[in-house]
Amino acid sequence: DKRDKQQQQQHHDDSASYSSSSLSDNEREILEKSHNEGTAAPASIATGGGGGAAYFGKYGIINASDFHSNTKIKSTFERWLSEIKGIPDFNGPKHELMEYFKEFAEDYNTA
């Protein structure tokens, strides 16, 4: 019985992907594609402890400074903005762009 639970947990850990309920299927797909294509810079990976704890940061953790310093993250953000938000060429104020980036970072970090 204990061995079965360990195998189930191992299977759960192996098949974990973007599991945040705030992400749509399309958002998960974009973030997974970005990771698989190598466009996500792996930073410190944060995982929840314990059996049923939340799992996040699978592909790294990003913050606002990554917008200016990491071109791979910026290109992933631009693709997210285009495909998820429907804004292919953003030309609004910078503060609004940074609000979108904060939303993207939250999705990315909780994936």
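Everything numeric in this text was worked out from a predicted model, so none of it was measured. Residue indices follow the written sequence of each chain, beginning from 1 at its first position. Totals for whole chains, interfaces and linings use all residues, but because this is a predicted model, local features are given only for residues with pLDDT of at least 70 and pairs of side-chain atoms are given and counted only at 80 or more. Water and hydrogen atoms play no part in the side-chain values, which are based on all heavy atoms of the structure.

1. Observations concerning helix H4 (residues 71–83)
Note the cut-off: Secondary structure elements follow DSSP: runs of H or I no shorter than four residues count as helices, runs of E no shorter than two count as strands, and numbering proceeds from the N terminus. The span one expects for a helix is its residue count, reduced by one, times 1.5 Å. Relative accessible area decides the class of each residue, using a 1.4 Å probe on protein chains only: under 20% of the type maximum gives buried, over 50% gives exposed, and in between gives partly exposed. Directions are taken from the helix axis to each C-beta atom, and the arc is the one they span. Polar contacts, as counted here, are pairs of nitrogen or oxygen atoms within 3.5 Å of one another; within protein the pair requires one atom able to donate a hydrogen and one able to accept it, and residues that are adjacent in sequence qualify only if both atoms are side-chain atoms.
Taking 1.5 Å per residue, 13 residues should reach 18 Å; H4 reaches 18 Å between its end C-alpha atoms and fits that length. Those residues of H4 lying buried are Ile-73, Thr-76, Phe-77, Trp-80 and Leu-81. When H4 is viewed along its axis, its buried side chains cluster within an angular range of 140 degrees and face the same direction. Capping the start of H4, Asn-70 holds a side-chain oxygen 3.0 Å from the backbone nitrogen of Lys-72, two or three residues further along.

2. Considerations on the packing of aromatic side chains
Stated precisely, the cut-off is as follows: Between the rings of Phe, Tyr and Trp (Trp by its six-membered ring), a pair exists once the centres lie within 6.5 Å; its type follows the angle of the planes, with under 30 degrees stacked, over 60 edge-to-face, and the other angles tilted.
By the definition in use, this model includes nine aromatic pairs. Both rings, one in Phe-67 and one in Phe-77, keep their centres 5.9 Å apart while their planes meet at 75 degrees; by these two values the pair is edge-to-face. Of this pair, Phe-67 sits in helix H3 (residues 66–69) while Phe-77 sits in helix H4; the two residues are 10 residues apart in sequence, bridging distant segments of the chain. The same class applies to Phe-67 as to Phe-77, namely buried. Ring centres of Phe-90 and Tyr-100 lie 5.8 Å apart, and the angle between their planes is 80 degrees; on these two criteria the pair is classed as edge-to-face. One end of the pair, Phe-90, is in the loop between H4 and helix H5 (94–109); the other, Tyr-100, is in helix H5, and 10 residues separate them in sequence. Through a chain of ring-to-ring contacts, the aromatic side chains of Phe-67, Phe-77, Trp-80, Phe-101, Phe-104 and Tyr-108 assemble into a single cluster.

3. Observations concerning the pattern of salt bridges
So the rule is basically this: Any carboxyl oxygen of Asp or Glu within 4 Å of a side-chain nitrogen of Lys or Arg constitutes a salt bridge here.
Within the structure shown, the criterion is met by two salt bridges. The partner of Glu-103 in a salt bridge is Lys-85, and the shortest N-O contact between them spans 2.6 Å. With Glu-103 in helix H5 and Lys-85 in the loop between H4 and H5, the pair connects residues that are 18 residues apart, well separated along the chain. For Glu-103, a relative accessible area of 31% corresponds to the partly exposed category. A salt bridge links Glu-99 to Lys-102; the nearest nitrogen and oxygen atoms lie 3.5 Å apart. Here the residue Glu-99 and the residue Lys-102 both occupy positions in helix H5, the gap between them amounting to three residues, near one helical turn. Relative accessible area serves as the criterion here: at 48%, Lys-102 is assigned to the partly exposed category.

4. Overview of H5
Because an α-helix completes one turn every 3.6 residues, residues spaced three or four positions apart along the sequence face the same direction. Its 16 residues place the ends of H5 22 Å apart at the C-alpha level, agreeing with the 22 Å of an ideal helix rising 1.5 Å per residue. Taken together, the buried positions of H5 are occupied by Leu-97, Met-98, Tyr-100, Phe-101, Phe-104, Ala-105, Asp-107, Tyr-108 and Asn-109.

5. A closer look at the packing of H4 against H5
What counts, and what does not: Note on definitions: angles span 0 to 180 degrees between N-to-C directions of axes, and those axes are lines fitted to C-alpha atoms, for helices only across the stretch in contact. Any angle that falls under 35 degrees is termed roughly parallel, while one over 145 is termed roughly antiparallel, one within 65 to 115 roughly perpendicular, and all others oblique. By definition, residues are in contact when any of their heavy atoms lie within 4.5 Å. Each residue is assigned to one class: nonpolar for Ala, Val, Leu, Ile, Met, Phe, Trp, Tyr, Cys and Pro, charged for Asp, Glu, Lys and Arg, and polar for all the others, Gly among them.
One way to put it is that H4 packs onto H5 with a least axis distance of 10 Å and a crossing angle of 100 degrees. Taken together, the axis directions place H4 and H5 in an arrangement best described as roughly perpendicular. Of H5, the residues touching H4 (which contributes Ile-73, Thr-76, Phe-77, Trp-80 and Leu-81) are Leu-97, Tyr-100, Phe-101, Glu-103, Phe-104, Asp-107 and Tyr-108. A breakdown of the residues in the contact of H4 with H5 according to their chemical character gives nine nonpolar, one polar and two charged.

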